[in-house]
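# Overview (structure and organization)
Here is what each chain is made of, one letter per residue.
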Amino acid sequence: MTALNVQFKKGVLELCVLVLLDKKDRYGYELVQKISNQIEISEGTVYPLLRRLTKEEYFTTYLQESSEGPSRKYYRLTDKGRIYLHQLVGEWKEFSEGVNQLIKEGINHE
Amino acid sequence: MNKSQFLSEMERHLSRLSIDEKDDILQDYEEYFSIGIEEGKTETEIATSLGSPKQLAKELLANYHIEKMETTTTTRNMFRAVWAVIGLGFVNLVIVLGPFLVVLSLLLAGWITGVAGVLSPLLVIVNTIVNPDIFEWYDVFFSLAFCGIGLFILIGMYYASNSVKNVFLRYLKFNLSIVKGGTNHG
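First, a word on scope: everything that follows refers to the structure included in this document. (Residues numbered from 1 in each chain as written. Chains lettered and ligands numbered in written order. Predicted model: local features only at pLDDT ≥ 70, side-chain atom pairs only at ≥ 80, totals over all residues. Heavy atoms only, no water.)

## Considering the overall build of chain B
Operational definition: Helix and strand assignments follow DSSP, with helices taken as H or I runs no shorter than four residues and strands as E runs no shorter than two, numbered in order from the N terminus. Only protein chains enter the accessibility calculation, which uses a 1.4 Å probe; a residue whose area is less than 20% of its type maximum is buried, one above 50% is exposed, and one in between is partly exposed. The accessible surface values rely on the Shrake-Rupley method and a 1.4 Å probe; as for residues, cover is taken only from the protein chains in view.
Counting its regular elements, chain B contains seven helices and zero strands. The helix and strand sequence of chain B, counted from the amino end, reads α-α-α-α-α-α-α. With 186 residues in all, chain B has 38% of them scored as buried. Carbon and sulfur atoms make up 67% of the accessible area of chain B, which totals about 10500 Å².

Structure (structure tokens):
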């Protein structure tokens, strides 16, 4: 794992969590699995992130019983979180389009 | 490493936190273990995929100290937050400690200049008492001018210190989200 890769992922993790919660409320394990199916992450780091974003009032949490076992802590996106999500998505699109354009130009000239 | 080893190591590294906070964190990881086990994973597999409890604890502590600095800024809280972020890895030592020391010394220099300016009439008085024969009126006028300038500098430094605090807080948070990331070897 290169340093660049690691630094990238941490910032993007925040975006991933917010995006996943936009559609519906989810519990921690579910969030971690959804993300780690797509990107290789150290799964434990999602929890510190969830705590931080909850304290920033981007999420609220509630406990819900599960049929299979102990109750699960669900995370719900707040209005403040949704505004932040849209801001991040905008930044991400701009950023990734810029990088993609550079890659395209670079490869065309080779 | 099994579930109880993971949790007890994490608990040990989080001993600085309040009991409520610590329990809440441990409960999150306990929940993660129990759902993982329901899905047929072994405790060891889950512990490995979570990463090093020590590193996770460091990150949680850094979160905690920054948050504390936000609610009550004392010099002590600020230093703790800075140290906690530095503790996350070597890169942070360079990009956090460097700017922090530079900014801190600039602020200190500003405060000293202001205080010296404000106190300069006092120095003239002391000088006059000790050496009455070298008294010059222009010393008095200059020192009064310095006193005025010093007052302005102090007012300026007050606002500067406040905004520096806020900027630094944002910088620490930014570090938290960018630097130490993704996997446990970084």
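Now that the structure is up, let's keep going.
## Considerations on the sheet that holds strand β3 (residues 72–77) of chain A
Residues and elements named next belong to chain A. To keep things clear, this is the line we draw: Strands pair, by our definition, only if DSSP identifies at least two bridges between them.
In space, the three strands of this open sheet follow the order β1-β3-β2, with antiparallel pairing throughout. Only two strands of the sheet have a single neighbouring strand rather than two, namely β1 (26–27) and β2 (59–64). Summarising the sheet, β2 and β3 pair through six bridges and their orientation is antiparallel. Within β3, the position partnered with Thr-60 by the bridge is Arg-76.

## Observations concerning the nonpolar core
Spelled out, the test is: Grouping buried Ala, Val, Leu, Ile, Met, Phe, Trp, Tyr and Cys residues that are joined through side-chain atoms within 4.5 Å yields what is termed a nonpolar core. Contacts are assigned to residue pairs with any non-hydrogen atoms lying within 4.5 Å of each other.
Core analysis: the biggest nonpolar cluster contains 45 residues, and Val-17, Leu-50 and Phe-59 of chain A together with Phe-6, Met-10, Leu-14 and Tyr-29 of chain B have the highest contact counts within it. Each residue touching Met-10 of chain B, except ones within four places of it in the same chain, is listed here: Ile-25, Leu-26, Tyr-29, Pro-53, Leu-56, Ala-57 and Leu-60 of chain B.

## Notes on the packing of aromatic side chains
Let me state the cut-off plainly: A pair of Phe, Tyr and Trp rings is counted when the ring centres sit within 6.5 Å of each other, with Trp represented by its six-membered ring. The angle between the planes then sorts it: under 30 degrees is stacked, over 60 is edge-to-face, the rest tilted. Consider the ring centre and the ring normal. A charge sits over the ring if Lys NZ or Arg CZ is within 6 Å of that centre and within 35 degrees of that normal.
Applying the stated criterion across every chain, the model contains 16 aromatic pairs over all chains. Seen from their ring centres, Tyr-27 of chain A and Tyr-74 of chain A are 5.4 Å apart, and the 70° between their planes marks the pair as edge-to-face. One end of the pair, Tyr-27 of chain A, is in strand β1; the other, Tyr-74 of chain A, is in strand β3, with 47 residues separating them in the sequence. Where Phe-168 of chain B meets Tyr-171 of chain B, the ring centres are 6.0 Å apart and the plane angle is 50°; that geometry is what we call tilted. Taken together, the residues span about one helical turn, with Phe-168 of chain B and Tyr-171 of chain B both in helix α7 (residues 137–178) at a distance of three residues. The class of Phe-168 of chain B is buried, set by a relative accessible area of 8%. One aromatic cluster in this structure is built from Tyr-29 and Tyr-47 of chain A together with Phe-6, Tyr-29, Tyr-32 and Phe-33 of chain B. Taking the ring centre of Tyr-27 of chain A as reference, the NZ or CZ of Arg-72 of chain A above it sits at 4.5 Å.

## Quick notes on helix α5 (residues 75–86) of chain B
What sets the pattern is the α-helix's 3.6 residues per turn: residues three or four places apart point alike. Under the convention used in this document: A helix is expected to span 1.5 Å for every residue after the first.
With 12 residues, α5 of chain B extends 16 Å from end C-alpha to end C-alpha; this agrees with the ideal 16 Å at 1.5 Å per step. Taken as a whole, α5 of chain B has its buried residues at Asn-77, Met-78, Ala-81, Val-82, Ala-84, Val-85 and Ile-86 of chain B.

## Considerations on the pattern of salt bridges
Residue and element names in this part refer to chain A. Heads up, the rule is: Criterion for a salt bridge: a side-chain nitrogen of Lys or Arg within 4 Å of a carboxyl oxygen of Asp or Glu.
By the definition in use, this model includes 15 salt bridges over all chains. Between Arg-52 and Glu-14 there is a salt bridge, with the nearest N and O atoms lying 3.4 Å from each other. On the criterion of sequence distance, the pair formed by Arg-52 in helix α3 (residues 46–55) and Glu-14 in helix α1 (residues 3–23) is long-range, its members being 38 residues apart. Each member of the pair Arg-52 and Glu-14 is classed as buried. Between Glu-30 and Arg-26 there is a salt bridge, with its nearest N and O atoms 3.3 Å apart. As far as the burial class goes, Glu-30 and Arg-26 line up, both buried.

## Thoughts on the environment of Ile-35 of chain A
Along the chain, Ile-35 of chain A turns up in helix α2 (residues 28–38). Beyond its immediate sequence surroundings of up to four residues, Ile-35 of chain A is in contact with Leu-13, Cys-16, Val-17, Leu-20 and Ile-41 of chain A.

## Description of unusual backbone geometry
Notably, Glu-57 of chain A is not glycine yet its phi reads approximately 70°, a positive angle. Tracing the chain through its elements places Glu-57 of chain A in the loop between α3 and β2.

## Quick notes on the pairing of β3 of chain A
Residue and element names in this part refer to chain A. Most of β3 is tucked away: five of the six residues are buried. Pairing of β1 with β3, which is carried by two bridges, proceeds in the antiparallel orientation. Considered in β3, the bridge of Arg-26 is made with Tyr-75.

## A word on the packing of helix α4 (residues 53–71) of chain B against α5 of chain B
When two helices pack together, you describe them by how their axes are tilted relative to each other and by the distance separating the axes. Residue and element names in this part refer to chain B. We count it as follows: Only the stretch in contact is used when a helix axis is fitted, and all axes are lines through C-alpha atoms; the angle between N-to-C directions ranges over 0 to 180 degrees. Oblique is the label for any angle not under 35 degrees, not over 145, and not in the 65 to 115 range, which are roughly parallel, roughly antiparallel and roughly perpendicular in turn. Here a crossing is taken to be left-handed if its near helix is turned anticlockwise relative to the far helix by less than a right angle, and right-handed if that turn runs clockwise. Under this grouping Gly is polar, as are all residues other than the nonpolar Ala, Val, Leu, Ile, Met, Phe, Trp, Tyr, Cys and Pro and the charged Asp, Glu, Lys and Arg.
Taken N-terminus to C-terminus, the directions of α4 and α5 make an angle of 155°; their axes are 8 Å apart at the nearest point. Of the possible angle classes, the one that applies to α4 and α5 is roughly antiparallel. The crossing of α4 and α5 is left-handed. Contacts between α4 and α5 involve Leu-61, Ala-62, His-65, Ile-66, Lys-68 and Met-69 from the former and Asn-77, Met-78, Arg-80, Ala-81, Ala-84 and Val-85 from the latter. The residue makeup of the contact of α4 with α5, split by class, is eight nonpolar, two polar and two charged.

## Here's the deal with the packing of helix α1 (residues 3–13) of chain B against α4 of chain B
Residues and elements named next belong to chain B. Packing of α1 against α4 leaves a shortest axis separation of 9 Å and a crossing angle of 40°. Between α1 and α4 the crossing geometry is right-handed. Mapping the contact onto sequence places Phe-6, Glu-9, Met-10 and His-13 in α1 and Pro-53, Lys-54, Leu-56, Ala-57, Leu-60 and Leu-61 in α4. Among the residues making up the contact of α1 with α4, the classes are represented as seven nonpolar, one polar and two charged.

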